[in-house]
Amino acid sequence: ILKSNIFQNKRFILLDDVELFNINSLNALLKIIEEPSSNNHFILINNKTKSIIRTITSRCLEIKILLSNQTRIKIIENLIENNKLNPLIDYKKFDITPGNFCIFNDICEKNNINIDDDFVCSLENILNLYKKNKNVNLINFIFFLTDIFFHNQIIKKKDKFDKIYEIKNHVISDINKFIVFNLNQKSFLNSINNKLS
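So, how was this worked out
- Residues numbered from 1 in each chain as written.
- Predicted model: local features only at pLDDT ≥ 70, side-chain atom pairs only at ≥ 80, totals over all residues.
- Heavy atoms only, no water.
- Pairing = 2+ DSSP bridges.
- Helix = DSSP H or I, 4+ residues; strand = E, 2+ residues; numbered from the N terminus.
- Patch = residues over 30% accessible without salt bridge, like charges linked within 9 Å, V, L, I, M, F, W, Y side chains within 5 Å.
- Areas by Shrake-Rupley, 256 points an atom, 1.4 Å probe, with all protein chains shown as cover.
- Salt bridge = Lys/Arg side-chain N within 4 Å of Asp/Glu carboxyl O.
- Phe/Tyr/Trp six-rings, centres within 6.5 Å; stacked < 30°, edge-to-face > 60°.
- Expected span 1.5 Å × (residues − 1).
- Buried < 20%, exposed > 50% of the residue type's maximum accessible area, 1.4 Å probe, protein only.
- Contact = heavy atoms within 4.5 Å.
- Axes fitted to C-alpha atoms, helices over the stretch in contact; angles between N-to-C directions.
- Parallel < 35°, antiparallel > 145°, perpendicular 65-115°, else oblique.
- Nonpolar A, V, L, I, M, F, W, Y, C, P; charged D, E, K, R; others polar.
- Polar contact = N/O pair within 3.5 Å; in protein donor to acceptor, adjacent residues only side chain to side chain.

*Asks:* Quick question: what am I supposed to make of the pairing of strand β2 (residues 40-44) here?
*Replies:* Side-chain positions along a regular strand alternate between the two faces of the sheet. Across five bridges, strand β1 (residues 11-15) lies against β2 in parallel orientation. Each bridged residue has a counterpart across the sheet, and for Leu-15 the counterpart in β2 is Leu-44.

Below you can see the structure in the form of structure tokens.
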């Protein structure tokens with residue numbers, strides 16, 4: 001980036017998942033975007049899985065891109081067709097971004113996960129995978145599965161919406177605590193099972 005570009009043409013640097021960069025990468029990025037050359041233009045993609053440090057966001061122009069449901073479905077169908085994917089997630093039923101569809105579908109396929117299986121068993125399998133490689137996509141997948149599970153619970157028991165919503169909040173809180181504080185997995189799963197029963 002610091003070297004001169006060919007024929008002094010404009011150069012666009014695209015950085016995806018900026019929220020996942022470690023602190024050293026963010027500091028290096030900050031140093032470069034503080035004083036960019038006139039030909040360098042940065043596009044930082046933040047998928048909002050966690051916040052970016054303010055010193056970076058203060059130097060950016062934020063553009064939110066929202067897709068209509070029709071466009072979202074069309075993009076996913078193109079991705080399925082072009083990449084010959086076996087869709088294991090009902091992208092029409094659940095509001096899932098095209099990028100997350102590809103990531104979560106890949107997780108399901110590679111790890112033989114069925115999103116309709118028992119929630120706690122699926123949670124345990126994904127947490128075991130997370131312990132091995134610390135892939136944040138697995139945590140995002142856990143939150144997606146949690147949303148699906150409680151969505152299905154609300155459909156089954158419409159009259160208990162408030163109680164289901166309260167339990168969902170507790171489960172999400174427990175998941176966050178498990179990740180942040182690296183809690184004991186067995187105790188965590190027992191706690192989730194108790195809340196669900």
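*Asks:* Could you clarify how one ought to interpret a nonpolar patch on the surface in this entry?
*Replies:* On the surface, Leu-61, Ile-63, Ile-65, Leu-67 and Ile-75 cluster together into a nonpolar patch covering about 560 Å² of accessible area. Relative to the assigned elements, Ile-75 resides in helix α3 (residues 69-82).

*Asks:* Would you explain the packing of aromatic side chains in this entry?
*Replies:* Working definition: an aromatic ring pair is given by the centre-to-centre distance plus the angle between the planes. Counted according to the given criterion, the structure contains ten aromatic pairs. Geometrically, the ring pair formed by Phe-119 and Phe-149 is stacked, given 4.6 Å between the ring centres and 15° between the ring planes. Of the two residues, Phe-119 is situated in helix α5 (residues 119-133) and Phe-149 in helix α6 (residues 136-156); the sequence distance between them amounts to 30 residues. A centroid spacing of 4.7 Å and a plane angle of 25° characterise the contact between Phe-178 and Phe-188, whose relative ring orientation is stacked.

*Asks:* What's the story with helix α4 (residues 98-111) in this structure? I'm lost.
*Replies:* Think of an α-helix as 3.6 residues a turn; residues three or four steps apart then line up on the same face. Helix length check: α4 (14 residues) gives 20 Å between terminal C-alpha atoms against 20 Å at 1.5 Å per residue, within 8%. Among all positions in α4, only Pro-98, Phe-101, Phe-104, Asn-105, Ile-107 and Cys-108 are buried. Tucked inside the fold, the buried residues of α4 contact α3 and α6. Positive phi shows up at Asn-112, right after α4, with a value of about 55°.

*Asks:* Even after reading the chapter, I still don't get the environment of Ser-38, so can you show me in this structure?
*Replies:* With respect to the element layout, Ser-38 can be found in the loop between α1 (23-34) and β2. Between the C-alpha atoms of Ser-38 and Gln-8, which are 30 residues apart in sequence, the distance is 9.6 Å.

*Asks:* What's the story with the environment of Phe-101 in this structure? I'm lost.
*Replies:* Relative to the helices and strands, Phe-101 is located in helix α4. For Phe-101, a relative accessible area of 0% puts it in the buried group. With 78 residues separating them in the primary sequence, Phe-101 and Ile-23 have C-alpha atoms 28 Å apart.

*Asks:* Explanation requested: the packing of α4 against α6 in the structure shown.
*Replies:* Helix-helix packing is characterised by the crossing angle of the two axes and by the distance between the axes. Where α4 meets α6, the closest approach of the two axes is 10 Å, and the angle between their N-to-C directions is 95°. The angle between α4 and α6 places the two elements in the roughly perpendicular class. Where α4 abuts α6, its residues Ile-103, Phe-104, Ile-107 and Cys-108 lie against Asn-137, Leu-138, Asn-140, Phe-141 and Phe-144. Looking at the contact of α4 with α6 residue by residue, the class counts come to seven nonpolar, two polar and no charged.

*Asks:* Before we go on, may I ask you to explain α6 in this structure?
*Replies:* When the terminal C-alpha atoms of α6 are compared, their 31 Å separation across 21 residues agrees well with the 30 Å that a helix rising 1.5 Å per residue should span. Contact partners of the buried residues in α6: α4, α5, α7 (161-181) and α8 (185-196). Measuring from the backbone nitrogen of Asn-137 back to the side-chain oxygen at the start of α6 gives 2.8 Å, which picks out Asn-135 as the cap.

*Asks:* Looking at this model, I keep getting lost on the pattern of salt bridges. Mind explaining?
*Replies:* Where charged atoms from two side chains of opposite charge approach closely, those side chains can pair. Tallied over the entire structure, the rule returns six salt bridges. One salt bridge connects Asp-95 with Arg-72, and the closest N-O pair in it is separated by 3.5 Å. Of this pair, Asp-95 sits in the loop between α3 and α4 while Arg-72 sits in helix α3, and the two are 23 residues apart along the sequence. On the basis of relative accessibility, which here comes to 71%, the residue Asp-95 falls in the exposed class. For Asp-147, the salt bridge is made with Lys-168, and the minimal N-O distance between the two is 2.8 Å.

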